[in-house]
Each structure stands twice: as C-alpha cells, then as structure tokens.
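Commentary on secondary and tertiary structure
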Amino acid sequence: MPRVEIYTKAFCPYCSRALSLLKGRGVPYDEHDVTMGGSLKAEMVERTSGRLTVPQIFIGDAHIGGCDDLVDAERTGKLDRLLSAA
C-alpha cells in the first residue's frame, strides 16, 4: 500500500472527516499537524502548489486534494485504485 499523508489543523471539521474516513477504511496514514504553521506548513504549501487550506491529502506521490476530494474518490472507486497501487 502506498504511503498516505494528510496535513491537518486542530479543531478542523474537514480534517476530522477525512481522518475518520481513512480510519474507517483501516488505512494507515502519517498526519502532519500544521496548526502552528512553521516548516510543515511551508512544506504543505510547496507540495500543493500554493494551497493553504486543510486537509491536504497525498497517496503515494499523488496529491488527492482536500476532504471533498477524498470523499469523492471514495464514492467513485478512485480511492481503492490509488490504495491498491504498489
């Protein structure tokens, strides 16, 4: 299974929803908390070509986007394809 990374902030309902979806599917992930900004937030902005909102989700090298994008990927079956890629 490819590495799943999610950039989050404390008290973000969209972050909570995305994390809940991943947990419910049993998908292991690395969470990067950017609540206080700093180098992790700068890394997120660079990796997403300037996006400042959270969550920002990556599966392998693919940038999925935010919570709505993750939910849409789940609904359409794209998430299964991404997670099964080696």
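Please refer to the structure placed before this passage.
Here we summarise the structure given alongside this text. (Residues numbered from 1 in each chain as written. Predicted model: local features only at pLDDT ≥ 70, side-chain atom pairs only at ≥ 80, totals over all residues. Heavy atoms only, no water.)

**Comments concerning the packing of aromatic side chains**
This is how it is decided: In this scheme Phe, Tyr and Trp rings, the latter by its six-membered ring, pair at centre separations within 6.5 Å, and the angle between planes marks the pair as stacked below 30 degrees, edge-to-face above 60, and tilted otherwise. Helical segments are the DSSP runs of H or I of at least four residues, strand segments are the runs of E of at least two, and each set is numbered from the N terminus. Here's how the labels work: a residue is buried when its accessible area is under 20% of the maximum for its type, exposed when over 50%, partly exposed in between, all with a 1.4 Å probe on protein chains only. Look at NZ for Lys and CZ for Arg. If either is within 6 Å of the ring centre and within 35 degrees of the ring normal, a charge sits over the ring.
Enumeration according to the criterion identifies 1 aromatic pair in this entry. Ring plane angle 75° and centroid distance 6.2 Å describe the contact between Y7 and F58, whose orientation is recorded as edge-to-face. In this pair, Y7 is assigned in strand β1 (residues 4-8) and F58 in strand β3 (residues 56-59), connecting sequence segments 51 residues apart. Each of the two residues, Y7 as well as F58, counts as buried. Positioned above the aromatic ring of F58, the side-chain terminus of R47 is 3.9 Å from the ring centre.

**Examining the sheet that holds β1**
Going by this rule: In this scheme, strands are said to pair when DSSP sees at least two bridges between them. Between the N-to-C directions of two axes lies an angle of 0 to 180 degrees, each axis being a line fitted to C-alpha atoms and, for a helix, fitted only over the stretch in contact. We call two residues in contact whenever any of their non-hydrogen atoms come within 4.5 Å of each other.
The strand order across the open sheet formed by 4 strands is β2-β1-β3-β4, and the pairing between neighbours is mixed. At either margin of the open sheet sits one strand with a lone partner, and together these are β2 (30-33) and β4 (62-65). The average undirected angle you get between the axes of adjacent strands in this sheet is 20°. Contacts from helix α1 (residues 13-24) reach β1, β2 and β3, with the element oriented near 160° to β1.

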